[in-house]
Amino acid sequence: MLLAASVPIQPGQHILEAGTGAGPALLCLNARISGLHATGVEIDETLAELAAANAHANGFTGIDIIADRIETAPFDRPFDHAMANPPYHPPNGTASPVAVRDTAKRGSDALMTAWIERLSGALRDRGSLTLIVPAGMVPICLSAMGQHRCPCTILFPLWPKAGRQAKLVLLRGVKNALTPMRLAAGLVLHNPDGSFTAAAQAILGDGSALNLDQ
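Residues numbered from 1 in each chain as written. Predicted model: local features only at pLDDT ≥ 70, side-chain atom pairs only at ≥ 80, totals over all residues. Heavy atoms only, no water.

Chemist: How would you explain the pattern of salt bridges if you had to name every residue and give the values?
Modeler: Counted under the stated rule, the structure contains four salt bridges. Across the salt bridge formed by Arg124 and Asp80, the nearest N and O atoms sit 2.7 Å from each other. Of this pair, Arg124 sits in strand E5 (residues 123-134) while Asp80 sits in strand E4 (residues 79-84); the two residues are 44 residues apart in sequence, bridging distant segments of the chain. In this structure, Asp125 engages Arg126 in a salt bridge whose closest nitrogen and oxygen atoms are separated by 4.0 Å. According to the relative accessible area criterion, Asp125 is partly exposed, its value standing at 45%. What makes Arg126 partly exposed here is its relative accessible area of 43%. (Salt bridge = Lys/Arg side-chain N within 4 Å of Asp/Glu carboxyl O. Helix = DSSP H or I, 4+ residues; strand = E, 2+ residues; numbered from the N terminus. Buried < 20%, exposed > 50% of the residue type's maximum accessible area, 1.4 Å probe, protein only.)

Chemist: Give a description of the pairing of E5 that names residues and reports values.
Modeler: Within E5, nine of the twelve residues are buried, leaving the element largely enclosed by the surrounding structure. Relative to E5, E4 runs parallel, the two sharing five bridges. Paired with Met83 across the strands is Thr130, a residue of E5. Here E5 runs beside strand E7 (residues 168-174); their pairing, made up of seven bridges, is antiparallel. Each bridged residue has a counterpart across the sheet, and for Pro134 the counterpart in E7 is Leu168. (Pairing = 2+ DSSP bridges.)

Chemist: Please give an account of the packing of aromatic side chains that cites residues and values.
Modeler: The geometry of an aromatic ring pair comes down to the distance between the two centres and the angle between the two planes. On inspection of all chains with the given rule, the structure shows one aromatic pair. When the centroid spacing of 5.4 Å and the interplanar angle of 90° are considered together, the rings of Phe75 and Phe79 count as edge-to-face. (Phe/Tyr/Trp six-rings, centres within 6.5 Å; stacked < 30°, edge-to-face > 60°.)

Chemist: Summarise the packing of helix H5 (residues 109-121) against helix H6 (residues 138-147); cite the residues concerned and give the values.
Modeler: Taken N-terminus to C-terminus, the directions of H5 and H6 make an angle of 35°; their axes are 9 Å apart at the nearest point. Read as a crossing pair, H5 and H6 show a hand that is right-handed. Contact with H5, carried on its side by Asp109, Met112, Thr113 and Ile116, involves Ile140, Cys141, Ala144 and Met145 of H6 and no other residues of that element. (Axes fitted to C-alpha atoms, helices over the stretch in contact; angles between N-to-C directions. Left-handed = near helix turned anticlockwise from the far one by under 90°. Contact = heavy atoms within 4.5 Å.)

Chemist: Explain the nonpolar core to me, using residue names and the numbers behind them.
Modeler: In terms of nonpolar packing, the biggest core is built from 29 residues, with Phe156 and Leu210 touching the most fellow members. Elements with a contribution of two residues or more to this core: helix H1 (2-6), helix H2 (24-32), strand E6 (152-161), strand E9 (187-190) and helix H7 (198-204). If we ignore the near neighbours within four places in the chain, the residues touching Leu210 are Leu2, Ala5, Ser6, Phe156, Leu170, Leu187 and Ile203. Counting 28 residues, the second largest nonpolar core, distinct from the first, contains Ala18, Phe79, Val138 and Val169. (Core = buried A, V, L, I, M, F, W, Y, C linked by side-chain atoms within 4.5 Å.)

Chemist: I'd love a proper account of H6, names of residues and values included.
Modeler: Every buried residue of H6 is listed here: Val138, Cys141, Ala144 and Met145. Each buried residue of H6 sits inside an arc of 135° when the element is viewed along its axis, so together they form one side. In H6, the exposed residues that point more than 90 degrees away from the buried face are Pro139 and Gln147. Against the buried residues of H6 lie H5, E5, E6 and E7. (Arc of directions from axis to C-beta.)

Chemist: Explain unusual backbone geometry to me, using residue names and the numbers behind them.
Modeler: Unusually for a residue other than glycine, Arg149 sits at a positive phi of about 65°. The topology assignment puts Arg149 in the loop between H6 and E6. Of the residues examined, Arg149 reaches a relative accessible area of 47% and is grouped as partly exposed. The residue Asn176 is not glycine, and still its phi comes out positive at about 65°. Note on placement: Asn176 falls in the loop between E7 and strand E8 (182-183).

The following block contains the structure:
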């Protein structure tokens, strides 16, 4: 939901998502902004079918789902925006007993770079790329984004609580941008008692946008 809330998309624009799964991010995005055109790519055929069914069940006619790898999926137009929650569990880590989940989560530096290359290549000039990744993956992402002409312009930490280390960050890249990268103040998700902060509740409960430029 945080990933979908952070994409600076406008009605009528086209967005590409890699690793769509059952479609939650695209569904959240379409619930927030009407009149979108969205393409989701999912390697698992069962999940791809579920994503398409979920879009249909919610009346979102502008969502197309492709059952393919993001590295090889065919596109017939450039996109205004792209987003992904890429696989990031280390390749030598403990395997999940659920094969589909293991495939969805297990990644590598090479896979992360390949995803960023493909997503950046699918964008129009000045199109945006938004990723949500663990803090430890930031260096490889920044390198790949710069290498593939979509340099990071905003690094936005997601703080579990005030004073805690951020485990996840949002990265915003812009195709062919010359803007220097900024480190944003980020978003604190939880109060000391574990409840959502007002800012997080506005996004997760009320469907508000997450402005990374603030």
